[in-house]
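# Structure assessment
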Amino acid sequence: MMKRTSFIAFFAVAIAMAHAQGPTVPTVYVDDQGVMRWSDTRQEAAFYGVNYCLPFAHGYRAIGYLGKDHKAAIDRDVYHFARLGFNAYRIHIWDVELSDSVGNLLENQHLDLLDYLIAKLRERGIRTVITCMTTFGNGYPERNEPTGGFSYRYDKCEVHSHPEAIRAQERYVSQLVQHRNPYTGLAYHDDPYIVGFEINNEPCHTGDPAQTRDYINRMLAAIKEAGNTKPVFYNVSHNMDHVGAYFDSAVQGATYQWYPIGLVAGFTRKGNFLPYLDQYSIPFSTLGGFDGKAKIVYEFDPADAAYTYLYPAMARTFRSQGFQWITQFAYDPIDLARYNTDYQTHYLNLAYTPGKAISMKIAAEVARRVDRGESFGAYPADTLFGEFLVSHKQDLSVLNSDTVFFYSNHTAVPPRAREKLTAVAGCGSSPLVSYEGTGAYFLDRLEPGVWRLEVMPDAVAVADPYAKPSLSREAVTIAWNTWPMQLRLPDLGSGFGVVPLTGETDAAPSRADEGTLTVRPGVYLLCREDAVDEATRRWTAATPWRSIALGEYVAPEAHASTFSVVHTPAETVNAGVPLTVQATVVGPSLPDSVVLYTDRVSFWSASNPRVLLKRTAGYRYEGTIPPEMVATGTLRYTVTVYADGHTTTFPDNRPGAPLDWDYPVPHYWHTGVVSADYPVVLVDAAADGALLETYAMPETSAVVGQHRWDHPSAHKAWHYTFAKHGSNTRFFWRRYVADAVANRKERLAGATHLCLAVPGAKALDSLAVGFTTTDGYTYSAQVALGGAPVVKVPLSALRLGDTPLLPAPYPVFLDRYFSPTVPLPFDPTAIESLVLHTLGAVTQDAELAIASIWLE
């Protein structure tokens, strides 16, 4: 089930009348300088929002698998779009689900849902760009389903040149733009809330560029003959040898993408990615025709990353480059976000990724508040820009203006003008709000002394959301709990009234004490003490406000029906030093107790040491293993949750406790324990079967690795060979090591050498080795190979250089290195990633073996 207020359907009509009816609804046009402007004021337009795929493909099917209503699902998500401040929506239509074999438009459930979605977005004041075709299958992440659509008859790289395919596309786009939406009563080409059309999604053009130009112009002619006067856009970030043809065509705008840290890692990426987001340089910006075309971002996402500081940084860079339409790919439907099956590499939803969602709300303000073409210098100077802040070390983004204070994570940043604030949104605690819950919240001033508070339920990650997805695998669970919330808003004072607008709305108003109220997920009216009676008459759950009704609320039901313990053990610690252990524990209630047991306990023993983990805030539990239990070797332990007379032990997730007579030998979490002077191990082939991440520039080449022994007497090692295609290829190895060194800071501070055990090297005489730090700066030195099996590099020899952007960004024309302009000294305690790369030419017969890498 899903929590949703019952009167929304009625008020959606009222809101729609306010937004969509009127003497004239302004449209968007592109002027001679390639600037998108409003038709009524001639002011520049600025749009920010998302892609959202529920009407099509896997999103459509999965909603059906779960037995959900598609239109109700759209209603829920569109409400959250409005709460996040989006004013833009882009969809690439799966033409295989809307067309027959010759390009006729099909009136079916997919088109009906698209029509419904466009109408619901219109009610919230959100504009749409329609990409008419994808010209690929509808399967991902499943297999394609045969539909009879024309695109299935042709290869994607043939569809733009085959005469019959082009005729089918002309027929299809003509019928699409003329299609009348029954929910708005308007044809697509007449709907002022549809900004324009992109011809197709990520085309594949081969052959003569002149043929590409002619194809584009034929599509433009078909759309124009169908009665369209809106801007039409074309993708220019693919097929670089055809870029000239794009700008020679008559399209009014060019579309771009940005995936700065690659796609589909299969795990959550970590590291400081701000240098990756510093610039978006377009190498063909001097081409004729470039300046006359509007620039829009059809898709972008820092994929496979859970951080909350990345979206505003990307929006800043886009605005500096002149983009006016920016839409992330892709927002997860609230009914699927529990599993993240829609697109494994992307994960965004207000309920399930609250910090990322608030950072999107901040980014939407970046798009509106940062001028087109405005520059803020180079990283790290551009981490503070205008009214905004982004921080990797704090995993934080902030908007701090006189009237608005938004933050994506816990922050100590003081609001600029507390007494002038009209809107607050955040996650965690700040100088304005103290809160233990993990969901997002919104505070909006309705009038002096009267505020609307909306509180989302708690979201707790229980598995890596970027691993292989399944509708049977929960990535984030939702819990509904009651928490104290303390507000420090001068406009309310410390003893304000609290009136619920959802849930038990007939309950008598309560009163905050010293600014503290008790909240569950829902919506509340907060009134200054002298304004309660009048405010509750003026402001009710049914009152329309902006694009919502005051009591409107959408949230998933709690589905944490069993307990989960999420814990990452320390990799290596010093012997004889107390070890603090933290774990996240979430379930249907707060547990009675949480206990850590080591592998030294026994049912038969009268003395079994244990460590009680105490709740510190929210779902975080913490305890300290005493020094006498942290002995050299391997520390093995479990965590047992006691609740309501039941016990469950983790990481087994098995009923019972290790001290039960019949509890099986459990699995354990492991931590290596070493002496204080033991080297800091970064890579060890004997202990760790995982390969280092490997990359090549250009990406047509690759490093191929095997984990093996060459002989029983030899050390285990990773053995690498090279698949080389083209000259000037550079090969890279990378590993995120911040977690490995987190508990060895004193030893790290005393380290003087980086050491590599290289048992074999063929046709390679040197490597560059070094580190990228938490600042995103890379320091390296050249080492010679082929001599001693252990190579030692003085840390004093590491020099600041360019940071390779690994993995490769998309589109392919972007820079592959970040070049720092502000020098910073190397700090061994700040190392975040180990980086190695080849130097000079690499031959096809080259080989390299790496056994271990450490600091001493």
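Attention in this report is confined to the structure presented alongside it.

### Considering the sheet that holds strand 13 (residues 325-328)
Strand order around the closed barrel formed by eight strands is 4-5-6-9-10-11-12-13, with parallel pairing between neighbours. Ignoring strand direction, the axes of neighbouring strands in this sheet form an average angle of 25 degrees. Bridge count for strand 11 (residues 253-258) against strand 12 (residues 294-300) is six bridges, and the pairing is parallel. Paired with A254 across the bridge in strand 12 is K295. Seen against the sheet, helix 9 (residues 354-369) touches strand 4 (47-51) and strand 13 and runs at an angle of roughly 140 degrees to strand 4.

### Side note on the pairing of strand 21 (residues 450-455)
One face of the sheet, then the other: side chains in a regular strand alternate in exactly this way. Counting buried residues in strand 21 gives six out of six residues, a clear majority hidden from the surface. Judged by which residues are buried, strand 21 turns out to be covered on both faces: V450, R452 and E454 on one side and W451, L453 and V455 on the other are all buried. Taking the residues between adjacent antiparallel strands as the criterion, strand 20 (residues 441-447) and strand 21 are bridged by two residues, where G449 takes a positive phi near 85 degrees. Across six bridges, strand 21 lies against strand 28 (residues 522-527) in antiparallel orientation. Across the sheet, E454 pairs through a bridge with V523, a residue of strand 28.

### Comments concerning the pattern of salt bridges
Taken as a whole and assessed by the stated rule, the structure comprises 35 salt bridges. The partner of R538 in a salt bridge is E447, with the nearest N and O atoms 2.8 Å apart. Taken together, the positions of R538 in helix 10 (residues 532-538) and E447 in strand 20 put the pair 91 residues apart, joining distant regions of the chain. You can call E447 buried: its relative accessible area is 18%. Salt bridges sharing partners connect three or more residues here, namely R83, D444, R452 and E454.

### Quick look at the state of the cysteines
All chains considered together, the criterion is met by one disulfide. Take C53: it sits in no disulfide, and the sulfur closest to it among the cysteines is that of C132, at 16 Å. Under the relative-accessibility criterion, C132 is labelled buried at 0%.

### Focus: the packing of helix 3 (residues 70-83) against helix 4 (residues 109-123)
As a packed pair, helix 3 and helix 4 sit with axes 10 Å apart at the nearest point and diverge in direction by 30 degrees. Between helix 3 and helix 4, the crossing angle belongs to the class labelled roughly parallel. The two elements helix 3 and helix 4 meet at a crossing, and its hand is right-handed. Only D112, L113, Y116, L117, K120 and L121 of helix 4 make contact with helix 3, whose side of the interface consists of H70, K71, I74, D75, V78 and F81. Residues belonging to the contact of helix 3 with helix 4 are distributed by class as follows: seven nonpolar, one polar and four charged.

### Considerations on the pairing of strand 13
The alternating pattern of strand 13 places W325 and T327 and I326 and Q328 on opposite faces, both of which are buried. Taken together, strand 12, helix 8 (residues 310-320) and strand 13 constitute a β-α-β crossover, and its handedness is right-handed.

### Some points on the environment of G355
Mapped onto the elements of the fold, G355 is located in helix 9. The spatial distance from the C-alpha of G355 to the C-alpha of G439 is 8.1 Å, given a sequence separation of 84 residues. Beyond its immediate stretch of four places on either side in the chain, G355 contacts T308, S408 and C427.

### Let's talk about helix 6 (residues 209-225)
If you check helix 6, its first and last C-alpha atoms are 24 Å apart, about what 17 residues at 1.5 Å a residue would give, namely 24 Å. Taken together, the buried residues of helix 6 touch strand 6 (127-133), helix 5 (163-178), strand 9 (194-200), strand 10 (232-235) and helix 7 (243-248). Residue G227 follows helix 6 closely and has a positive phi angle near 105 degrees.

### Thoughts on the packing of aromatic side chains
Going through the model one piece at a time under the given rule, you end up with 48 aromatic pairs. Ring centres of F318 and F323 lie 5.4 Å apart, and the angle between their planes is 80 degrees; on these two criteria the pair is classed as edge-to-face. Geometrically, the ring pair formed by F405 and Y407 is tilted, given 5.1 Å between the ring centres and 50 degrees between the ring planes. Note that R127 overlies the ring of Y193, its terminal NZ or CZ placed 4.2 Å from the centroid. The ring of F323 has K295 lying over it, and the distance from NZ or CZ to the ring centre is 5.4 Å.

Thresholds, definitions, all that
- Residues numbered from 1 in each chain as written.
- Predicted model: local features only at pLDDT ≥ 70, side-chain atom pairs only at ≥ 80, totals over all residues.
- Heavy atoms only, no water.
- Pairing = 2+ DSSP bridges.
- Helix = DSSP H or I, 4+ residues; strand = E, 2+ residues; numbered from the N terminus.
- Axes fitted to C-alpha atoms, helices over the stretch in contact; angles between N-to-C directions.
- Contact = heavy atoms within 4.5 Å.
- Buried < 20%, exposed > 50% of the residue type's maximum accessible area, 1.4 Å probe, protein only.
- Salt bridge = Lys/Arg side-chain N within 4 Å of Asp/Glu carboxyl O.
- Disulfide = S-S within 2.5 Å.
- Parallel < 35°, antiparallel > 145°, perpendicular 65-115°, else oblique.
- Left-handed = near helix turned anticlockwise from the far one by under 90°.
- Nonpolar A, V, L, I, M, F, W, Y, C, P; charged D, E, K, R; others polar.
- Right-handed = clockwise from strand over helix to strand, strands pointing away.
- Expected span 1.5 Å × (residues − 1).
- Phe/Tyr/Trp six-rings, centres within 6.5 Å; stacked < 30°, edge-to-face > 60°.
- Lys NZ or Arg CZ within 6 Å of the ring centre and 35° of its normal.

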